[in-house]
Each structure stands twice: as structure tokens, then as C-alpha cells.
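Structure at a glance
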Amino acid sequence: MGSNFKQLVANSTAHRPVRDMLSGMVINNKDLLHELMAMALDTTNKNHHKACWSLELVMETHIVWLSDYLDVFCKRLSTLKHEGALRSVSKICLFAVQYDKKSKGFLSPKNLELIIESCFDWLIDPKGKVATKAYTMRALYICGENNDWIYPELQRILQEDAAKHTAAYKAAAKEVLHRISKI
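An account of the accompanying structure is given in this report. None of the values given here were measured: they were computed from a predicted structure.

All right, on to the overall build of the protein then. The number of helices and strands found in the protein is 10 helices and 0 strands. Against the 2.2 N^0.38 benchmark of 16 Å for 183 residues, the protein shows a C-alpha radius of gyration of 16 Å, consistent with a compact globule. The buried share of the protein, taken over its 183 residues, is 51%. Restricting to contacts in the protein with at least 6 residues of sequence separation, those with at least 24 account for 66%. When the accessible area of the protein is evaluated, it comes to approximately 9,200 Å², of which 54% is carbon and sulfur surface. For the protein, the centre of its 25 positive side-chain charges and the centre of its 20 negative side-chain charges are spaced 5 Å apart.

This brings us to the layout of surface pockets. Put simply, the largest pocket is a space of about 170 Å³. As for the largest pocket, its lining consists of Leu77, Ser78, Leu80, Lys81, Glu83, Leu86, Ser118, Asp121, Trp122, Asp125 and Lys127. Those elements that provide at least two residues to the lining of the largest pocket are helix 6 (83–103) and helix 7 (109–124). In terms of residue count, helix 7 provides more of the lining of the largest pocket than any other element does, 3 residues in total. Class assignment of the residues belonging to the lining of the largest pocket gives a composition of 4 nonpolar, 2 polar and 5 charged.

With respect to the helices and strands, Asn45 occurs in the loop between helix 3 (32–41) and helix 4 (48–61). Residues Asn45 and Leu80, 35 residues apart in the sequence, show an inter-C-alpha distance of 11 Å. Within the structure, Asn45 has its side chain in polar contact with the backbone nitrogen of Asn47 (distance 2.7 Å).

The residue Thr132 is located in helix 8 (residues 130–144) in this model. We classify Thr132 as buried; its relative accessible area is 2%. Engagement of the side chain of Thr132 in a polar contact is seen with the side chain of Glu83, the distance being 2.5 Å.

Thresholds applied
- Residues numbered from 1 in each chain as written.
- Predicted model: local features only at pLDDT ≥ 70, side-chain atom pairs only at ≥ 80, totals over all residues.
- Heavy atoms only, no water.
- Helix = DSSP H or I, 4+ residues; strand = E, 2+ residues; numbered from the N terminus.
- Rg over C-alpha atoms; globule rule 2.2 N^0.38 Å.
- Buried < 20%, exposed > 50% of the residue type's maximum accessible area, 1.4 Å probe, protein only.
- Contact = heavy atoms within 4.5 Å.
- Areas by Shrake-Rupley, 256 points an atom, 1.4 Å probe, with all protein chains shown as cover.
- Lys, Arg positive; Asp, Glu negative; His and termini not counted.
- Charge placed at Lys NZ, Arg CZ, Asp CG, Glu CD.
- 1 Å grid on protein atoms, 1.4 Å probe; cavity = no way out; pocket = protein on both sides within 12 Å on 5 of 7 lines; lining within 4 Å.
- Points joined across faces, edges and corners; volume = space filled by probe spheres on them.
- Nonpolar A, V, L, I, M, F, W, Y, C, P; charged D, E, K, R; others polar.
- Polar contact = N/O pair within 3.5 Å; in protein donor to acceptor, adjacent residues only side chain to side chain.

Take a look at the structure:
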């Protein structure tokens, strides 16, 4: 089944029904998670971004399943460059920090540090896409609740970069800046 699953991922498209089918296979057979995670984090695999698309949907439903992979997942964040992978992985980072906020201790200090570092890198990347930036600014907002240095840096970046970006970026930045100003 494993090689068949990998082939299904390799032949997949970004269409939601396809991603739902693949993520459903993993949700129904958690043993496939190891293969999906390995494929998603292997940047030498030309289809790693496709694995990230399905991994995002699995983690949206079962973020706690990330716990066995947190160290390797967080260490590999900085190696991901494909925008399709970054969009999905940035959303997984958002799910992880949201879950950590509720469960306290899901993320180790080192995992959190690597997520914060990657999120800032993705946020300031001039070639980065808006969806990735929107997820990262929201993740950084949550991380800033327990890290005093994040909000001033996040505010500066969002205020300086808003003029250079699309209406969607401006809307997300405005939302995050408004939430910071209420603190």
C-alpha cells in the first residue's frame, strides 16, 4: 500500500477533492502518516509540495499527530522553498501554535523558536505569496503573547510592508495590527 500511496500523492493535484481523498486515507490509516510526512519534508522529492497539501488537511483535523514528528518538522521548515509547500506548512505552523496555546507544552522551546524564525523569514521574503504571509503573521501574533520582542518586530514589518502588497495582505496585516493595538 505504501508505494501505491506515494504514487497517488505524486500524481495528485491541488484540487480539494483529491486532497480530501489523500488526507482521508491517512486519517483512516494513521500508519500512512509516516510516509506522508517523510515525503512532505524531503525537499529533494519533486512532489514534496503535493504531500504538504494533504498533510495540511490531516493536521487541521489531528494536529496532535504532529507530536511524534515535531523535532524533524521544525528543523526542516527552513529548507522548504516551494510556495505550494510553504503555504501548507505555514498553516500547519499556525495550527501548532494555536494548539500549543491551549495545551501548553505541545511545542518545546526549541520547536517554538524554529517556527518563529521560519515565520519571520517567510513574512519578509519579497517573493513570498500572500497566503503564506497571512498564516505566518497570525502564527507570530499568537507566539507574541509569550515573547515580548515579537510584537514590536511584527508591527514594524507589517507597517513597512503593507504598502508593497496586495489588498489581501493589507487586510490580514490590518487585522493583526488591530489585535496587537488592543493589548
